Amino acid sequence: MDLQALIPPNKRRDLLSFCSSGLQVSRLVLQGTPQPYPSAVFYHLQQPSHVVLPFSHPDFSGAILSYRRVKAGTSWHHFPWIALRVFVFLAFGTPSSYSAEIHATGFNYQNEDEKVTLSFPSTLQTGTGTLKIDFVGELNDKMKGFYRSKYTTPSGEVRYAAVTQFEATDARRAFPCWDEPAIKATFDISLVVPKDRVALSNMNVIDRKPYPDDENLVEVKFARTPVMSTYLVAFVVGEYDFVETRSKDGVCVRVYTPVGKAEQGKFALEVAAKTLPFYKDYFNVPYPLPKIDLIAIADFAAGAMENWGLVTYRETALLIDPKNSCSSSRQWVALVVGHELAHQWFGNLVTMEWWTHLWLNEGFASWIEYLCVDHCFPEYDIWTQFVSADYTRAQELDALDNSHPIEDFKKGMNMYLTKFQQKNAATEDLWESLENASGKPIAAVMNTWTKQMGFPLIYVEAEQVEDDRLLRLSQKKFCASGSYVGEDCPQWMVPITISTSEDPNQAKLKILMDKPEMNVVLKNVKPDQWVKLNLGTVGFYRTQYSSAMLESLLPGIRDLSLPPVDRLGLQNDLFSLARAGIISTVEVLKVMEAFVNEPNYTVWSDLSCNLGILSTLLSHTDFYEEIQEFVKDVFSPIGERLGWDPKPGEGHLDALLRGLVLGKLGKAGHKATLEEARRRFKDHVEGKQILSADLRSPVYLTVLKHGDGTTLDIMLKLHKQADMQEEKNRIERVLGATLLPDLIQKVLTFALSEEVRPQDTVSVIGGVAGGSKHGRKAAWKFIKDNWEELYNRYQGGFLISRLIKLSVEGFAVDKMAGEVKAFFESHPAPSAERTIQQCCENILLNAAWLKRDAESIHQYLLQRKASPPTV
Ligand code: BES
Ligand code: ZN
């Protein structure tokens, strides 16, 4: 059956490709006739019955019993399958007393549709039947379905673990099932595994006994799961150590680590144990399982996966070594743990009805992970970072705030989770619950945001009318290529806050802009006061100020009277307006110079990111060096204030800021920074003085960029010696900074070598593409030359999209858009289709930006050099 046919016409567009957290899910396959299903399907899953390590063929086999109601007249069944061979019979009656057995006689495998159709010799009678399916399959090495993950024992021996990753549609690679989120079932899982291996699944173990046929095997039986979707089922067989604790609300929490590294699980354990009761209170719904395991998997495509009760992570998203982990890793682990645990409620207990509503899952988890980290680590100032990192992904749930918005929100969440627990929900269901709890028109507001693409640009100008300030606002769709032209411009209901210099932290006025244009009067605003929109940068829109209004805001940046997120948002809006051609890039450079006294890490991080984009753009010109001078000028005052070594009383954010600033200065070739980096690197390599974890990235980057073949060889040696995946990744990410053509080639070859885990190859090649002008060309050529191997490696998973994006988004010449398009026409990557289109669009935007602004930027930089600004 055609999948599209099941989706209401207005939702079909989203199905082609859904993107959240950079992950793309675009091949969704429907199997079977979905209606009517019994409320739950029960699977008795026994799998794998012969896991042999190292694995031989077939790697696993299993049997599945499912209890189904059969409609009269049915003589066939569809099953999704991939790489599984199934043997089926259908029996009527209870499992212990099959009254009649009917063996399937026809197996029609439909590869394209990922399903198998069974036919039975006679028509099935109405009643409840048990479908028994025997199947065999192979453990793949593509990081999806039931696959093997390679690791090395402390003594250097190569071994494999068997692990699962099912979201979105890969459960069918492990066992035959109705692999759709809305077809929930309970699962009784047993695994037959080598007796010296750890075997885990969603639930706790209820029985473990020797396997009669083989004394080296044991059969491990897990408790029945709650009613759940197939994509959340998981099992892991391998060698692991763990640390454990019990959360305040009585859940047994374990963090599984590679053997010998249990210590490195302690940080995540602490976060998880704090987070579970926090969410329980927040949602007012308890965590329903008796245990939760968090496990680090060596080969893992995504960042982490929220399987119910058995959450899987990349090693770098879970393991923290007190000495060798940097502050940003700690923060990342906390966020990822917070994110996946939120899914235990939002996603696992209440599941989206179909993949079109996946954003409900990911959007919510991507927001609440910050709430969780703010609870666990207030010193991280994580909400400011949210604005920078996740702002464009965030959904504005707290649309209209009034008396008790947070309480209303919590109440609405509780209503939603309680009403739909163990069931499936759609976007509108969430709005309805929030609306009921708050009495506010949530659905009406939110529909303008979720049912149409994009978001608005609010243009604002002001006029002083006696003691009042009159604001004229207008909204238009914001497009990356400029504001919307054409008729029928979409309109949004935009909640807007307005603050003034009288009290920069307080909204002086809140309005709901529900028209294309609006005039607003701010009472009692003196002529010398500034006025700003979008207090706290929580509104999902961009703001364009008249020149006069913008001018008046600059002193607020310099003297820091504008709050940090407002400074950040202002700069960020201007940058995107410049890129879209709505204002000149020179305007933004001038604003960037106002950040001389900036102390805030996140504000710097955002500014630095934008300057990085601009640098990449200008690497297409012959005045690249000029922009490096600008970077050095902007960053040296803060660099001098910070110095190289932590001062007493400094915390998390100072460490992040120091790493950022030194890295930026070093990369731009700031002389003093370069010299000190070289000195410290030498001491580090000679073992005289080991670099603190927070200084490693900036130092590695600096010495590599300005180094030679010997530096690269030393880095590769450090990589080989590194015991932690975090350190390996740290090195892998900076290798692309190398400038010499033959070294760049060496890095690219390294990316595909055995030394780099398959999921990390992408960031090495991406690093080369983003590292230099020559790297960009070399990386693209490398991808073309090695396309088959790369495509095969990721089998159309989302890593291929990420690879393409990182590798081509830096081009800024029209003809490259054509070249990229043509290449993928002859080398199709269906799962990355949308990414490829976006990349081509971005290349054209870059090219237009360069043509438009290069000359004026150059003039500005020259003039600046001739008469440096006095600040
Ligand atoms: N459920 C996702 C992972 C996923 C999504 C796997 C779609 C396969 C298909 C998980 O909750 C997630 O969002 N992981 C993020 C990390 C997170 C902290 C943003 C990831 O993998 O990048
Ligand atoms: Zn998620």
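Given the structure is predicted, the values throughout are model-derived calculations rather than measurements.

From N to C terminus, the chain includes 26 helices and 32 strands. Across the 871 residues that make up the chain, the buried fraction comes to 60%. At a minimum sequence separation of 6, the contacts of the chain that also span at least 24 residues come to 69%. Counting only carbon and sulfur atoms, one obtains 53% of the accessible surface of the chain, whose full area is about 35,000 Å².

On to the site of ligand 1, then. Among the 14 residues in the neighbourhood of ligand 1, the closest are listed as Glu167, Gly303, Glu306, Glu340 and Glu362. Ala304 is positioned such that a nitrogen or oxygen atom in its backbone is 3.3 Å from a nitrogen atom of ligand 1. In the environment of ligand 1, an oxygen atom lies 2.8 Å from a nitrogen or oxygen atom belonging to the side chain of Glu340. For ligand 1, the accessible surface in isolation is 520 Å², of which the surrounding protein chains cover 95%. Mapped by element, the contributors of at least two residues to the shell around ligand 1 are strand S21 (304-305) and helix H4 (327-343). Across the shell around ligand 1, the residue classes break down as five nonpolar, five polar and four charged.

Take the sheet that holds strand S29 (residues 509-513) next. The strand order across the open sheet formed by three strands is S29-S28-S31, and the pairing between neighbours is antiparallel. Every interior strand has two partners, whereas the edge strands, S29 and strand S31 (531-533), have only one. Across the sheet, the mean angle separating the axes of adjacent strands is 25° when strand polarity is ignored. Bridging between strand S28 (residues 494-500) and S29 involves five bridges; their strand directions are antiparallel. Looking at the pairing, Thr497 lines up with Lys510 of S29.

Glancing now at the sheet that holds strand S11 (residues 145-152). Strands sit in the order S11-S12-S17-S14 across an open sheet of four strands; the sheet is antiparallel. The sheet is open, and its two borders are formed by S11 and strand S14 (198-201), each paired with just one other strand. Strand-to-strand twist in this sheet, taken as the mean axis angle between neighbours without regard to direction, amounts to 15°. As paired strands, strand S12 (residues 158-165) and strand S17 (residues 235-238) are joined by two bridges and run antiparallel to one another. Across the sheet, the residue bridging to Val163 is Val236, located in S17.

In this section: the pattern of salt bridges. Enumeration over the complete set of coordinates arrives at 48 salt bridges. We note a salt bridge from Asp299 to Arg757, for which the minimum N-O separation is 2.9 Å. Placement of the pair is Asp299 in the loop between strand S20 (291-297) and S21 and Arg757 in the loop between helix H20 (741-751) and helix H21 (758-771), with a sequence separation of 458 residues. Note on accessibility: Asp299 and Arg757 belong to one class, buried. Close ionic contact of Glu432 with Lys419 constitutes a salt bridge, the shortest N to O distance being 3.6 Å. Here Lys419 lies in helix H7 (residues 405-419) and Glu432 lies in helix H8 (residues 427-438), a separation of 13 residues in the sequence. Looking at Lys419, the relative accessible area reads 47%, which means it is partly exposed. One continuous salt-bridge network, built from bridges that share partners, spans Glu157, Arg159, Asp196, Arg197 and Glu239.

In the contact formed by H21 and helix H24 (residues 798-808), the axes pass within 8 Å of each other and the chain directions differ by 10°. Our classification of the angle between H21 and H24 gives roughly parallel. Contacts between H21 and H24 involve Gln759, Val762, Ile765, Gly766 and Ala769 from the former and Leu799, Arg802, Leu803, Leu806 and Ser807 from the latter. Taken together, the residues that form the contact of H21 with H24 break down as six nonpolar, three polar and one charged.

Quick look at the coordination of the zinc ion (ligand 2) now. At this site the zinc ion (ligand 2) is bound by His339 (NE2), His343 (NE2) and Glu362 (OE), with donor distances of 1.8 to 2.1 Å. For the zinc ion (ligand 2), the donor residues sit on a single chain with the sequence spacing H-x3-H-x18-E. Taken together, the residues span a long stretch of sequence, with His339 in helix H4 and Glu362 in helix H5 (residues 358-376) at a distance of 23 residues. Glu362 shares its class with His339; the two are buried.

The next subject is the nonpolar core. Of all hydrophobic cores here, the largest spans 172 residues; its most connected members are Phe283 and Val337. Examining the composition of this core, we find that 12 residues originate from one element, H5, more than from any other. For Val337, the residues in contact, after removing those within four places along its chain, are Ala268, Val271, Ala272, Leu294, Tyr313 and Leu318. In this structure, Met493, Val531, Met549 and Leu554 belong to the second largest nonpolar core, which totals 78 residues.

Along helix H23 (residues 787-794), the positions that sit buried rather than exposed are Trp787, Leu790, Arg793 and Tyr794. Down the axis of H23, the buried set is contained in an arc of 135°. They therefore lie on one face. On its buried side, H23 packs onto H20, H21, helix H22 (773-785), H24 and helix H25 (814-826). The first or second residue beyond H23 is Gln795, which carries a positive phi of 45°.

We now examine the UniProt feature "active site" (unreviewed entry) in the chain. In the numbering adopted here, UniProt assigns the feature "active site" (unreviewed entry) to Glu340. One can find Glu340 in helix H4. In this view, Glu340 contacts Ala304, Met305, Glu306, Val311 and Tyr313; residues no more than four positions away in its chain are not counted. Reaching out from Glu340, the side chain makes a polar contact with the backbone nitrogen of Glu306 at a distance of 3.4 Å.

As a further point, take H25. The set of residues buried in H25 consists of Met816, Ala817, Val820, Phe823 and Phe824. An end-on view of H25 places all buried positions within 130° of arc, on one side of the element. Counted as exposed and oriented over 90 degrees from the buried face of H25: Lys815, Glu825 and Ser826. On its buried side, H25 packs onto H22, H23, H24 and helix H26 (833-866).

Criteria and thresholds
- Residues numbered from 1 in each chain as written.
- Chains lettered and ligands numbered in written order.
- Predicted model: local features only at pLDDT ≥ 70, side-chain atom pairs only at ≥ 80, totals over all residues.
- Heavy atoms only, no water.
- Helix = DSSP H or I, 4+ residues; strand = E, 2+ residues; numbered from the N terminus.
- Buried < 20%, exposed > 50% of the residue type's maximum accessible area, 1.4 Å probe, protein only.
- Contact = heavy atoms within 4.5 Å.
- Areas by Shrake-Rupley, 256 points an atom, 1.4 Å probe, with all protein chains shown as cover.
- Near = heavy atom within 4 Å.
- Polar contact = N/O pair within 3.5 Å; in protein donor to acceptor, adjacent residues only side chain to side chain.
- Nonpolar A, V, L, I, M, F, W, Y, C, P; charged D, E, K, R; others polar.
- Pairing = 2+ DSSP bridges.
- Axes fitted to C-alpha atoms, helices over the stretch in contact; angles between N-to-C directions.
- Salt bridge = Lys/Arg side-chain N within 4 Å of Asp/Glu carboxyl O.
- Parallel < 35°, antiparallel > 145°, perpendicular 65-115°, else oblique.
- Donors = N, O, S within 2.8 Å, 3.2 Å for Na, K, Ca; no water.
- Core = buried A, V, L, I, M, F, W, Y, C linked by side-chain atoms within 4.5 Å.
- Arc of directions from axis to C-beta.
- UniProt positions renumbered as here; feature names shortened; annotations may be inferred.

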